[in-house]
There are 2 protein chains.
Amino acid sequence: MLTERQLLILKAIIDDYIRSAEPVGSRSVSKREDISYSPATIRNEMADLEELGFLEKPHSSAGRIPSQKGYRYYVDHLLSPELLNNSDIVDIKSMFAQKIHEVEQLIEQSAQILSNLTSYTSIVLGPEVFDTTLKHLQIIPLTKEAAVAIIVTDTGHVEKQAVDIPQGMEVTDIEMMVNILNERLKGVSMLELRGKIFSEVGNVLKMHISNYKDTMQMLEKSFTHEKNDHVFFGGKTNIFSQPEFRDVEKVRQLLEMFEEKQLVHQIFRSDSSGITVKIGQENKLEAIDNCSVITATYTADGKHLGTIGILGPTRMEYQRVIGVLDYLSKDMTNTLTKLYQRNK
Amino acid sequence: MLTERQLLILKAIIDDYIRSAEPVGSRSVSKREDISYSPATIRNEMADLEELGFLEKPHSSAGRIPSQKGYRYYVDHLLSPELLNNSDIVDIKSMFAQKIHEVEQLIEQSAQILSNLTSYTSIVLGPEVFDTTLKHLQIIPLTKEAAVAIIVTDTGHVEKQAVDIPQGMEVTDIEMMVNILNERLKGVSMLELRGKIFSEVGNVLKMHISNYKDTMQMLEKSFTHEKNDHVFFGGKTNIFSQPEFRDVEKVRQLLEMFEEKQLVHQIFRSDSSGITVKIGQENKLEAIDNCSVITATYTADGKHLGTIGILGPTRMEYQRVIGVLDYLSKDMTNTLTKLYQRNK
DNA sequence: TGTTAGCACTCTAATTGAACGAGTGCTAAA
DNA sequence: TTTAGCACTCGTTCAATTAGAGTGCTAACA
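As the structure is a prediction and not an experimental result, all values here were calculated from the model.

Student: Explain the environment of Thr 335 of chain B to me, and be specific about the residues and the numbers.
Tutor: All names here are of chain B. One can find Thr 335 in helix α12 (residues 318-343). Given the relative accessible area of 18%, Thr 335 is considered buried. The spacing of Thr 335 and Val 248 is 87 residues in sequence and 40 Å in space, taken between C-alpha atoms. The residues touching Thr 335, leaving out its near neighbours within four places in the chain, are Phe 96 and Leu 106.

Student: Could you give me a rundown of the interface of chain B and chain A, with the residues and numbers involved?
Tutor: Each partner contributes to the interface: chain B provides 40 residues, whereas chain A provides 40 residues. Across the chain B to chain A interface the summed buried area is about 3,400 Å²; carbon plus sulfur atoms make up 62%. The interface formed by chain B and chain A holds 4 salt bridges in total. Note that Glu 259 of chain A and Lys 236 of chain B form a salt bridge whose closest N and O atoms lie 3.9 Å from each other. Summed over the shared surface of chain B and chain A, the result is 9 residue pairs in polar contact (both at pLDDT 80 or more). Elements represented by at least two residues in the side of chain B that touches chain A include exactly β4 (134-141), β5 (146-153), β6 (158-164), α10 (248-259) and α12 of chain B. Take the side of chain B that touches chain A: its biggest share by element is 6 residues, from α10 of chain B. The residue inventory of the side of chain B that touches chain A, partitioned by class, reads 15 nonpolar, 10 polar and 15 charged.

Student: Tell me about the sheet that holds strand β10 (residues 303-313) of chain A, and name the residues and values.
Tutor: All names here are of chain A. Spatially, the 5 strands line up as an open sheet ordered β7-β3-β10-β9-β8, and their pairing is antiparallel. Whereas interior strands pair on both sides, the edge strands pair on one side only; in this sheet they are β7 (231-234) and β8 (276-279). Neighbouring strand axes in the sheet, compared pairwise and without regard to direction, differ in orientation by 20° on average. Each of β3 (121-125), β7, β9 (291-300) and β10 touches helix α11 (residues 261-268); the most contacted strand, β7, lies at about 85° to it.

Student: Please set out the protein's contact with DNA strand C residue by residue, giving values where relevant.
Tutor: Around DNA strand C sit 20 residues in total, of which Thr 41, Ser 60 and Ser 61 of chain A together with Ser 26 and Arg 43 of chain B are the nearest. When atoms of DNA strand C within 4 Å of the protein are split into backbone and base, the sugar-phosphate part holds 71%. One of the backbone N or O atoms of Ser 38 of chain A is found 3.3 Å from a phosphate oxygen in DNA strand C. Between DNA strand C and the protein, one listed contact pairs a phosphate oxygen with a side-chain N or O atom of Arg 64 of chain B at 3.3 Å.

Student: Pulling in residues and values, what's your account of the pattern of salt bridges?
Tutor: Residues and elements named next belong to chain A. For the coordinates displayed, the defined rule picks out 38 salt bridges over all chains. A salt bridge links Arg 32 to Asp 16, with the nearest nitrogen and oxygen atoms 3.1 Å apart. Within this pair, whereas Arg 32 is found in the loop between α2 (26-30) and α3 (39-51), its partner Asp 16 is found in helix α1 (residues 4-20), the two being separated by 16 residues in sequence. Lys 330 is the salt-bridge partner of Asp 326, the closest N and O atoms lying 3.2 Å from each other. Within this pair, Asp 326 and its partner Lys 330 are both found in helix α12 (residues 318-343), separated by 4 residues, close to a single helical turn. Taken together, the shared-partner salt bridges in this structure form one network comprising Asp 16, Arg 19, Arg 32 and Asp 34.

Student: Break down the packing of α1 of chain A against α3 of chain A for me, with residues and values.
Tutor: Residues and elements named next belong to chain A. α3 packs onto α1 with a crossing angle of 90° between their chain directions and a minimal axis gap of 10 Å. Looking at the two axes, α1 sits roughly perpendicular to α3. Residues Arg 5, Gln 6, Ile 9, Leu 10 and Ile 13 of α1 touch α3, and the partners they reach there are Thr 41, Ile 42, Glu 45, Met 46, Asp 48 and Leu 49.

Student: Residues and numbers for the relation of the copies chain B and chain A, please.
Tutor: When chain B is fitted to chain A, the best match, at an RMSD of 0.2 Å, comes from turning it 179° and sliding it 0.1 Å along the axis. Taken together, the turn and the small shift mark the pair as related by a two-fold rotation axis. The position closest to the rotation axis in chain B is occupied by the C-alpha of Val 248 of chain B, lying 2.9 Å away. Same-surface contact between copies: 100% of interface residues of chain B are shared with the interface of chain A.

Student: Pulling in residues and values, what's your account of the protein's contact with DNA strand D?
Tutor: The environment of DNA strand D is made up of 20 residues, and the closest members are Ser 26 and Arg 43 of chain A together with Thr 41, Ser 60 and Ser 61 of chain B. What you see for DNA strand D is that sugar and phosphate hold 72% of its atoms within 4 Å of the protein. In this structure, a base oxygen belonging to DNA strand D sits 3.2 Å away from a side-chain N or O atom of Arg 43 of chain B. Here Ser 61 of chain B contributes a side-chain N or O atom positioned 3.0 Å from a base oxygen of DNA strand D. Every element with two or more residues in the surface near DNA strand D is listed here: α3 of chain A together with α3 (39-51) of chain B. The greatest single-element share of the surface near DNA strand D, amounting to 4 residues, is contributed by α3 of chain B.

The rules behind the values
Residues numbered from 1 in each chain as written. Chains lettered and ligands numbered in written order. Predicted model: local features only at pLDDT ≥ 70, side-chain atom pairs only at ≥ 80, totals over all residues. Heavy atoms only, no water. Helix = DSSP H or I, 4+ residues; strand = E, 2+ residues; numbered from the N terminus. Buried < 20%, exposed > 50% of the residue type's maximum accessible area, 1.4 Å probe, protein only. Contact = heavy atoms within 4.5 Å. Buried area = accessible area lost by both parts, 1.4 Å probe. Salt bridge = Lys/Arg side-chain N within 4 Å of Asp/Glu carboxyl O. Polar contact = N/O pair within 3.5 Å; in protein donor to acceptor, adjacent residues only side chain to side chain. Nonpolar A, V, L, I, M, F, W, Y, C, P; charged D, E, K, R; others polar. Pairing = 2+ DSSP bridges. Axes fitted to C-alpha atoms, helices over the stretch in contact; angles between N-to-C directions. Near = heavy atom within 4 Å. Parallel < 35°, antiparallel > 145°, perpendicular 65-115°, else oblique. Least-squares fit on C-alpha atoms with pLDDT ≥ 70 in both.

Purely spatial values, then, with no claim about function.
Here it is as structure tokens:
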């Protein structure tokens, strides 16, 4: 167990390092207002903290920097939940003051404001299809063989997918089919949609449609969508201003990760309600082993919708970021809950 | 006017520099197979070429590098149209062998293959709305006040836009209106669409719809779309492997440009048929003053559709890039012409 | 017993200077 | 007109030096 004084010193060092990005020496710690020990005393404590694994030295004659374990302890035990300052709150409020009737718009604005307020890079995962229901399905023939299938969810999300028209199917057949589908499937959760093609409308269609197999294939494809669309960035270049990214190779690695939406989704997705902090290698990805990821989830009606998060260096302003994320995720939840209720 | 020998030497130097990214000295030029002069002679010619503005020195005891004027001359007079090598052609062909029934798919693949073949960054501007016609319009109410308007073009392009539902308008009203609009506007060029709302359907709607003014506003908004969606990148990080981008600040500047789709559009858009080469500061943008942009246009039925282009360092393999762009743009034109004809 | 002053020691970053080499420009000879 | 030769320039590299920040240890102090 750490002593009171060790906690004080550990916090002081991490705070300092977060601000300056320079190794912190005993002298500068002892100069702080809230610390009244001599450099020598501090040095002794620092040596102990290093032995315990909370600090490390870049080299033998440098000051100390926090280890991953140090950051972890800092985040878990030394942070007091910070109240946001007023101007931040005003910024966020002003965003929600606008009329918002589309989820995507809200998401994009949130990503924007998040990166502006924190000057790190923000990543917002849009509502997953699961939690939304079908509002409207449309299949629009372009040529004899090709069509585009469009799906609109109750949240105003639009997905499109190119499909082949089954041999021998006429425009009128398609219209009829789409009508049947809309009648039967409207309001069905997107999660169940693919299953219900068979259970609910399969038999009906079989009666009306000649080329049953191809048609089913077409419908299956219509309902297939990628998760790519659900990843939004804010301030993509912000993080590159951090001194941690002076090296072009690091920049490239991260950029390449940004391009792989699938991967980003995997790294940022969070289920657990509340704030999640992943520090350095806890993220299990080399490109961000000197980064931390802080995420929060937003919900509606208690149902998990998506994730908002910040990517910054491990030397991140945890307290502030957590404050902003907490506040913003709650505001998003509020707004979305209203939005969803209206749609019912 | 440059002498035969000066041309030979200028070309040798630029070729060398493009390959090595290192200033080229007289000795290494004289060693080339196609050059039979001594270093001293080369030096004299180099001094002359420098005086004429085609070459410059990074410092007094370094070799020469091409100036912007040098590149310009090289591109305009020293390039022989290169035949693509076979493996490139195979790569491109294999892409077009796939079944393509959606324009966007073709665009994205083209961007991909372009960056793979050149190892620079490719940028493809999708077909502008202008040249396409309306296939289908749909307005789907989400709540009492909000709806989403969806437009499908004959090329399979889907655009969506959130709109407000005018006071007092019922779901049945919307359905009726959408029917009228589809009847009257199907096949109309997207360019004329906004105008025709008033001229063609304005009167009819006035008869049926109570809240005329708000309705028109909603329709206007439905037909308003941004150009953002039409910019596609391939190999975004490729260019950062170039030694020109060892400096993080340069990387950041370029990345920020990438985010501004509007700006990218403006820089890359090309009207003139054939290949366009813009070298260094000819691009009038600081972020890319050490880059060159080569673009080609693709068409269908002789109508300008969009632009494909490459962004690389001024020290770019012009000959090869021009060859690839030329070949690919023609293949795209072919494919699209077929695609459009089928849609008629 | 906990705290602190003092001091030798360590290591890095910055600076200097010498040696090197690539390349030039000029001159004079072929 | 071409080229060999040579002095000169300038950037790069490497080692040596220095300055400074910081540590760890010891001994004295409260």
